[in-house]
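Summary of structural features
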Amino acid sequence: MTIGLLAGLVGLALGSFGVLAFGLSDRQRRRLQEVAEPTLPDGAAEVLSVVGRAYVVVDAIDGVVRASPAAYAFGLVRGHTMVHSELLDLTARVRRDGVIEERQLELPRGPLGQGTIVVQVRVAPIGEEYILLLADDRTEITRTEAMRNDFVANVSHELKTPVGAISLLAEAMDDAADDAEAVRRFAGRMHKEARRLGALVQDIIELSRLQGADVVQGGTEVDLNAVVAEAVDRNKLTAESRHIELSVGGNIGVPVFGDAELLTTALRNLIDNAIRYAPERSKVGVGLRVREGLATVSVTDQGPGITPDQQDRIFERFYRLDDARSRQTGGTGLGLSIVKHVISQHGGEVSVWSQPGQGSTFTVRLPEMEQEDGGATESVEPRTQGAGVAHEQGVGA
């Protein structure tokens with residue numbers, strides 16, 4: 001009986017100990033859960049939801065407490081970790097000094113590739129434990145500013161050449177005032193430089209005007225056949241002066257949406273470029289057709305061709321294949337840049353097929369204009385004739 005009583009007492013003690021241990025464990029578990037789920041100061045979450053910028057909130061050990069979808073899209077956060085060491089350095093400095101930091105950083109867009117993103121970052125402490133990081137995507141603005149600076153630098157450089165040449169020729173004419181033959185020779189060269197300067201200024205004005213044009217708001221129905229005819233007509237005198245035959249073949253039976261004058265300018269530049277690089281007494285062909293909902297205009301020359309490494313750069317502003325030849329023909333290096341800008345504004349694309357010694361074909365593709373009921377206009381692919389499609393297979397149109 002004594003043994004039974006002792007066993008009962010031991011069982012009661014063990015049961016009481018188990019209840020106490022369970023209660024203690026439950027309280028510890030609840031405390032751990034509270035620590036594992038940190039909360040922001042009152043009102044902070046509401047403010048962040050309307051701030052309009054990517055944000056990341058980190059705790060005392062740089063664990064991500066909260067982050068906006070934009071922060072993940074920019075690649076600033078992956079899982080519960082901030083990716084970039086530059087951002088971690090900023091948060092550590094703010095945590096140490098308690099002073100707001102602001103920087104513009106160029107960061108890798110992802111773990112692979114060469115893509116980068118430029119972000120304006122502001123880092124500040126909130127409460128006693130958290131650090132807030134606000135990020136604004138400045139990639140496009142930075143790229144635009146760089147393009148503007150390059151454009152101004154290029155224009156300044158390009159204008160110096162003809163202006164300097166005219167100044168020197170004027171001095172030479174003054175020194176040779178008694179030599180009629182020398183005066184006539186210098187005057188002829190001055191006229192040539194003045195024409196080059198005028199063409200350059202006109203192209204710069206044209207490019208500036210194009211950048212301010214709004215095709216979406218001001219566009220109308222455009223007949224590409226009429227546009228091509230006008231562009232060819234504007235180049236006839238240049239072609240005749242070099243004994244180059246302009247041949248037009250095919251027809252586009254559907255309209256496109258856009259600005260007729262801008263498209264005429266683009267195609268005029270494309271044909272002018274072909275004439276400049278084509279040898280004398282050769283042909284430049286213009287081919288028109290419709291395929292798979294795209295109106296296509298191809299311009300083919302029999303010039304020296306373009307190497308593959310140059311084909312990626314020919315649409316850059318002021319880029320010239322041959323500086324000496326450009327000076328001889330009066331090229332400004334802006335013609336193809338204008339073409340690309342106009343066609344892009346119209347939702348199309350311009351591409352080039354070329355091989356050294358076999359000439360080049362530049363192809364413009366523009367989407368057909370849609371009818372008011374939402375369907376595309378009926379397109380019929382015509383039979384294309386003439387030299388304008390001599391290299392069409394090479395373009396892949």
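The rules we used
- Residues numbered from 1 in each chain as written.
- Predicted model: local features only at pLDDT ≥ 70, side-chain atom pairs only at ≥ 80, totals over all residues.
- Heavy atoms only, no water.
- Helix = DSSP H or I, 4+ residues; strand = E, 2+ residues; numbered from the N terminus.
- Buried < 20%, exposed > 50% of the residue type's maximum accessible area, 1.4 Å probe, protein only.
- Contact = heavy atoms within 4.5 Å.
- Areas by Shrake-Rupley, 256 points an atom, 1.4 Å probe, with all protein chains shown as cover.
- pLDDT = per-residue confidence, 0-100.
- Phe/Tyr/Trp six-rings, centres within 6.5 Å; stacked < 30°, edge-to-face > 60°.
- Lys NZ or Arg CZ within 6 Å of the ring centre and 35° of its normal.
- Patch = residues over 30% accessible without salt bridge, like charges linked within 9 Å, V, L, I, M, F, W, Y side chains within 5 Å.
- Salt bridge = Lys/Arg side-chain N within 4 Å of Asp/Glu carboxyl O.
- Lys, Arg positive; Asp, Glu negative; His and termini not counted.
- Charge placed at Lys NZ, Arg CZ, Asp CG, Glu CD.

**Considering the overall build of the protein**
When its secondary structure is counted, the protein shows 14 helices and 14 strands. Within the protein, the proportion of its 397 residues that are buried is 39%. Partitioning the intrachain contacts of the protein with sequence separation of at least 6 by distance along the chain shows that 64% fall at a separation of at least 24. For the protein, the accessible area works out to roughly 22,600 Å², and carbon and sulfur atoms hold 53% of it.

**Notes on the confidence of the model for the protein**
In the predicted model, the protein carries a mean pLDDT of 76, and the fraction of residues at 70 or more is 69%. When the criterion is pLDDT under 50, residues 323-327 qualifies, and its contacts beyond four places in sequence or with other chains add up to nine contacts.

**Here's the deal with the side chain of Ser68**
Structurally, the position occupied by Ser68 is in the loop between strand 2 (64-67) and helix 3 (69-73). Aside from chain neighbours lying at most four places away, what touches Ser68 is Arg53, Ala54 and Tyr55.

**Some points on the packing of aromatic side chains**
Counted by the stated rule, this structure contains zero aromatic pairs. A cation over an aromatic ring shows up here: Arg185 above the ring of Phe186, its NZ or CZ 5.1 Å from the ring centre.

**Examining the environment of Asp136**
Its location among the elements puts Asp136 in strand 7 (residues 130-137). Counting along the chain gives 66 residues from Asp136 to Ala70, while the straight-line C-alpha distance between them is 9.6 Å. Those residues within four positions of Asp136 in sequence are excluded, and the remaining contacts are Arg53, Val118, Val119 and Gln120.

**Description of a positive patch on the surface**
Judged by side-chain charge, Arg185, Arg189, Lys192 and Arg195 come together as a positively charged surface patch. Assignment of secondary structure puts Arg189 in helix 6 (residues 180-212).

**Some points on the side chain of Thr264**
Position of Thr264 relative to the elements: it lies in helix 10 (residues 260-277). Given the relative accessible area of 5%, Thr264 is considered buried. Aside from chain neighbours lying at most four places away, what touches Thr264 is Val227, Glu230, Ala231 and Arg234.

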